[in-house]
Each structure stands twice: as C-alpha cells, then as structure tokens.
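# Secondary and tertiary structure notes
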Amino acid sequence: MDGGVMGFGLNRQIPGSSFGERALPARLLDPGMGVAVARRTVFRPDDQECFGRVADRVAEGNMSLLGRPLTPVEHMEQARLRNAIATGALITSGRHLQHGDAGQAGRNMELFTNCATAIASFAKFYLLLNGSGVGRSYDDALVAVDWAQAPKLRLRLDPSHADFPRGAAGFAALAAELGIAVDEVEAAICADPAAMPANTVFHAVADSREGWAKAVEVLEGMAFEQRADETLFLDFSAVRPRGAPIAGMQDRPASGPVSLMRAFLNIDRHVIAPARNPDSAMLPWEQALLVDHYLSLEVQVGGARRAARMATKSWRDPGIFRFIRAKSEGGLWTANNSVMVDQEFWQILRHGQDRSDALAQTARAVFDEVTRCAYINGEPGFINGDKLEDHRTGAAWAKPVYQDGRDFRSDRYHADRGAALLGELARRAQSAHFPATTNPCGEIVLHVTGGYCVIADFAPLLACPMEIEAVVPGAVPAEVAAEWDARVEDSVRLGVRFLMRANLMDALYGEEVRRTNRMGIGPTGLHEWAWMRFGLAFDDLLDEEKSAAFWAAVESLSVAAKEEGARYAAELGRAEPFTVTTVKPAGTTSKLFGLTEGAHLPAKRQYLRWVQFRGTRDENGAWVADADPLLAQYEARGYPIRTLTSFPGMSIVGFPTLPRIQRLGIGDKLVTAPEADPESQYGWLRLLERYWIGAEQGNQVSYTLKILTDRHALEDFRTIVLAHQPDIRCCAILPSQPDHALGYEYLPEEEISLDDFLALAARIDDPGLHEAVDTAHLQCAGGVCPI
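Here the residue index of a chain counts from 1 through its sequence in written order. Totals for whole chains, interfaces and linings use all residues, but because this is a predicted model, local features are given only for residues with pLDDT of at least 70 and pairs of side-chain atoms are given and counted only at 80 or more. Only hydrogens and water are removed before side-chain values are computed, so all heavy atoms of the structure are retained for them.

### A look at the packing of aromatic side chains
Stacked, edge-to-face and tilted are the three classes for Phe, Tyr and Trp ring pairs, Trp counted by its six-membered ring, which pair at centre distances within 6.5 Å; planes under 30 degrees apart are stacked, over 60 edge-to-face, the rest tilted. The tally for this structure, following the rule as stated, stands at 30 aromatic pairs. Ring geometry for Trp529 versus Phe550: centroids 5.4 Å apart, planes at 50°, classification tilted. Separated by 21 residues along the polypeptide, Trp529 in helix H19 (residues 526–534) and Phe550 in helix H21 (residues 548–572) bring together distant segments of the chain. The same class applies to Trp529 as to Phe550, namely buried. One aromatic cluster is present, built from ring pairs that chain together Trp529, Phe534, Phe538, Phe550, Trp551, Trp684 and Tyr691. Here, over-ring charges are defined by two tests on the NZ atom of lysine or the CZ atom of arginine: distance to the ring centre within 6 Å, and angle to the ring normal within 35 degrees. The ring of Tyr413 carries the charged tip of Lys214 above its face, separated from the ring centre by 4.5 Å. What counts as a helix is a DSSP run of H or I of at least four residues, what counts as a strand is a run of E of at least two, and both are numbered from the N terminus. Burial classes: relative accessible area under 20% of the type maximum marks a residue as buried, over 50% as exposed, and values in between as partly exposed (1.4 Å probe, protein chains only).

### A few points about the sheet that holds strand E4 (residues 152–156)
The parallel open sheet is built from three strands, whose spatial order is E4-E6-E5. In this open sheet, the two strands that pair with only one neighbour each are E4 and strand E5 (200–204). Each adjacent strand pair in this sheet contributes to an overall mean axis angle of 20°, direction not counted. The pairing of E4 with strand E6 (residues 231–235) spans five bridges and is classified as parallel. Among the inter-strand pairings, Leu153 is bridged to a residue of E6, identified as Leu232. Whether two residues are in contact is decided by their heavy atoms, any of which lying within 4.5 Å being enough. Axis definition: a line fitted to C-alpha atoms, limited for helices to the stretch in contact. Angles are taken between N-to-C directions and run from 0 to 180 degrees. Lying over the sheet, helix H10 (residues 257–276) contacts E4 and E6, oriented at roughly 165° with respect to E4. Here, a strand pair is defined by DSSP locating no fewer than two bridges between the strands.

### Overview of the confidence of the model for the protein
By definition, pLDDT measures how confident the predictor is in each residue, and it falls between 0 and 100. Considering every residue of the protein, the mean pLDDT works out to 91; 94% of them sit at 70 or more. When the criterion is pLDDT under 50, residues 1–12 qualifies, and its contacts beyond four places in sequence or with other chains add up to 22 contacts. Across residues 777–787, where pLDDT falls below 50, the model places 22 contacts with residues more than four positions away in sequence or in other chains.

The following block contains the structure:
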C-alpha cells in the first residue's frame, strides 16, 4: 500500500488548488442554532470556538492516516484540505469534526463511521456505543439465536462500589431505576459467586465500550450454543460509577454499571423467560428485536448518542405483519422500521390484478397494512432492496464466509464466543433474498452481515469565493463563477480522498472495508446553491430544460467524485469503491451554517428547532448533577426548554431558526416542505438519483417526505405511494397534521408565527441571534421588508 502512496509524485496534479495553501479565514457559524450545535458536538476547549482550529486538527488527523511522514505534495494537500473545511465548502461530518485530531491514526474506525450494519446483538450494541447508526435485517433466514436457549443469568455489583445502594432509600431508588420491587434488588445485583453451580461461566465486565459489548457477546454466544442448562455470572464491579467522565467522549458523564445491569435484567425478564414458556409465540426474530431494543435504551441513557437504528424485514417472511405492527402496537420505538420489497412486489400491486396465488395475496395485504400504519406515524416504510447497488451488481452475494471471527476483529475487539454465530449467519447471507440493507437514515447500502460507510458533506454554496450576501442570485460574474465552480469540484475531490484515508483505519469490519472501500459523499445546502449560483428556486429545478445548467453541474460533480475514487484507490493500492455518491441527512453539518439539510426543502419559514441534551430536573426544579451544563446556560439566556418523558433523562432546547435561504432574497419563490406536493418531491428525488447518485457506484438519497393528512386521506396516500415509491430506491414518508398530533412528544421543528419568532428572539440574550435578525429580510405582503 505504501508503495502506491509513495509513487504520488510532485508532477502529479492533486485537487484543491482553488483553495491554495495559505490558511484562509474560517467561515463564521450561524448564530444561535449553529453555534449551539458546535458547542454541543464539535468544539473542544482548545478550539476556542473557532472553526478554523477545528479544520486544522481534522485535516491533520485525516492525513496522519497514511501512517508515515508526509511528502511535500501531501503537506500541500493537507493545507488545501484544511482550507476546504475551514470555509465550510467541505464540512465532512459531525463524527469527523468531533473526533478528528493528530491522534486519529491510533483510534478505532468505529468512532468515525456514521453508518453501519450488524447481524448480531452484541455487534450492534458495540457499534451503537461507538456512536454509529446501525441497521439490522430481521429476516427469518438471518436470525440464528433462540434466546430460550440462553444460560441462567446472575449479576453482581460489589457492595463497595459507589453506585451500590445505601440504606432503605438507596434500595428503593435502585428498585425504581431497575423497574423491580425493593425486595428483589438484592437478588438482582448481589449474586454470590461461591454459591454458583459447577457449570457456571464467570465473566468480569470491563470498564469500556469493548467490555460492555463483550458481556453481551458471551451471553449471545452461549444462547447460540444452546447452553440453557448452564449459568452465566456477570460481575459489574469494575465499571466506573455513574457521572464519572468518559475521556474518549469529551468527558461526557458515564451512565455507570446499573444502566448495563438493567439491560441484562430486561433481556432476562422480557425475552429469555417468555421465550422459555412453552406457550410463547415469540419467534427468534422478535426475540432479537427486543434484545436490541433493551440494549439501545442503555446507549441513550449513557448519553453517547440516541442509538440510531434501522430494522428491516422481507415482505415474504411469514411474520411480516407482526413486524409491521411492532412499533405501533409493541412499543418498540428505538428503531426506524422498514419493509424490504422488490420489483415483484410492485408488479403484483400495479399489474397483477389477475393473480390470486398466496404470494400475490401477501403482497396486497402487506401494502395495505404498511400504509395503514405508516399513515398514522410514518412507519414502517418501504425500501426497494433490489435497487440497492450491491444487490443490483450481485456483489452482496460474493462476500466471503469466515468461521474464525476475523470479519469482526480489530486491535480493540476480537469476536471469540460469538465467532461461530457470525460464521453461520454469513453462510446464510450467501443465499438470502435481501443480502444488503441500509443504515438508519437510508442513504447507505451495506451488507447484512456487517459493514461500514464513512460519509461526508460538501456545501457548494459555501465554496463561493466572495461574500455570499454580495452575490446577485443567478447573475454571478464570469470570473467569480469560474473560481466558485472550481472550488466546488475541489471540495468533492478532496472529500473523496478524505474518506478513502478514513477507510485505512483499524476497523472491526476490516475485511469488509478492504473488500468494498465503500464511502458516501454528498451535497448539502442544495437549494441555496441553486438559488445563488443559478438563480433557480425549487419549482425551477423540476423543469429540466430550465435548470439544465444546474443538473449538468450536478452530474459533472458525480463523475468527478467517482473518477477521483478510482484514481486515489489505485494510488493507495485499494479496491475501487463499491459506492461513492450519496445524500445524507446532514443535520449537524447543515445546522452549523444554517443550510437546508441534504436534499431536503426548508422545514418552515421560521421555526423552533428542538435539540436534545442530557439532563433532567430534580423534585425542586433544579438540574440534576450530571445534566449537560449547557442546559442551565441556555435557560439563563432565555431559550425555551422542555424536559422529556419519552426519552428519560433528556431535555430539549428550542432554538429560533430563520433558514439561511430566507436571508438570500428568495422571497416568495421559496418553497417549504409542507408547501411542496408529494409528486414534486418524488420528482426531485428521481432527478437527484439520476444526476448525482448515478447508474453505478451510488448509494441512496436520504429523504423524509411529509404528507399532510388534512389534504390527503388514507386512500390518497396509498395512491401516491404506489405511483412513486417503486421508482426510487428509498424514501421515508412522515404523515403530518397541522397540530402535529402524531403521538410524539415533540417533533424536531415546531412552526411559529413571524410575530412569535420576533418576540422570542428579542427575549433571548444572544447577540449573534439578534444580529442575524437585524440583518435578515423576509418577503412580506408589501414587498421585501427587514425584520
């Protein structure tokens, strides 16, 4: 590999010349929301709230992945990469902005992967603990563990541990936390090792992400081995106390041993015990879904992330109807659920009126039930599994089978007890109907047995070489346009190389990373770029003749991304990437600079953007000791705050948000998500798939299409889905009502009137927010008026 890198000669043209090597000024973050997101997820003390310093460390860390001293040309590339990031033209992703630094080469890839899949519960748990969003297929053929065969569980926490209950009040509090009776606490956490039977397996849970996952692996591995007659003794005494800092997560507070013990108790009581009941109808795939649910709850409590999950199941499976209703009736709310379908499914619905066979009846019943449930709360969705790239090319069925656990092994974690399970599932996947699935947000195709994708955003608007507010939309001087266009392409090419170097990191799925070299680079802030560079609003973009220049530019960037991927892979001696292009949700990165997110239209013209923070109040109304300190700071400055009940231990802060596109003079040409009809949004997706994703080496577009139920009845909804969903790879659909009465405690964006927006902004002590409001303009009834 190094030989290929060293052959990168001085005469070789590298991308990024439009950014130069001299350090460019860092772009200022969007006031209010942008700064808040950076403080919560990006900035470190040494950054001094300067995005340029973030760019310095991220670029240095990424280039260090080459694993040797840089050549002069590579130093040049690092400087150019730094400038692309600092200007916002290449924002990368929240994971890279958070963790990237000079020590990156010594860290595990899992911290830098946004997207992953897993085929076993311990693997999924470990990836969630590392912050990845994880997809899993629950197809019957891909579940091999019957949890009724799990060993008897015994748990212990040493009485000397700081989290061990003290006195009656302590035992009562712990009983409430564990969801058991007070007189059950001692038996639940005080197992005596000396009293265990001879066939007991003793395991001390280590104080690390790896240690937590290994405990689950031992249990799951023994269940696969059918060790129901044995006992597993888990000792949690080495796990650090609740509230202790986690150095690898910017000193966020640990959740302590009780959190993990609660997961095992829930699995024992709600999965293993019922599964052993001879009258139980709980099938193995349902057991797996429940196990993953209880484990993910503790990842959320740990504050590492919201434990983003995707759960998918084939429409052909006998248990599909129970899966469809798992969220609405089973309370399993921790995953995004989707049904995997294919061309035959849609052909039956569209053209199979004369078919009366069992499969045709299943297809019609599945469609009706999915749409009935989805019309209520948006889930489950449909994923066209046969349109996913690895399914289309057949590469998904070619993944090798390993029996020694090497396909889940890194310097930090080696699968041992679960190796045989992984090997069996890999063997099954070679004949699976759907050997590929997606990550939770749907933008990346991944093998069902496990894989990663490193992803990044580029923001073409922010590649503008002059002050954006000084640009006349669609009337850019030729010399400025040329430099702007060059910077956009350089951002894409630098981004592809950035992601490929990330694929050199030590990884659990190292074999799969080497096989696929998968990545996903995509645009964000598309609507702002279309307006300022080309003078095109959303309705214009749907007219391919009128917007030909825009789509030609998008297609050219797609070609450049794939070309750079092939070229750099050859230089590094790596496989050509299976996939290159994507459009991810881009929530964190877009909020930093006030952009529309990924492919999405602006949610509202002005709204409150609710963001979750760890922390709740005590009985006196004060913030608890381990609450995020930002909560008290935002409360003191006048930001609205709510404590959540559906996400225990979490609160939300509302940030008055005026999208950047509203500040660019677009006026009444602006189209928001609720204002765009479904047909137009599906048309937008088809164009993005054609010109950006492309026919080859493409992932998917992550997109949530909102259907207003006061405009579209259930039958209208079904007609829309049947007319358009078969023609795109995937699209999440979220029914919305004017009062947002969807059964959720809150939605991310809450629309507010202009008067309420101005009044709230005036009450908040934030000079940056006030400056943005003072300088912004909205389209009013009498023309353009300043706020």
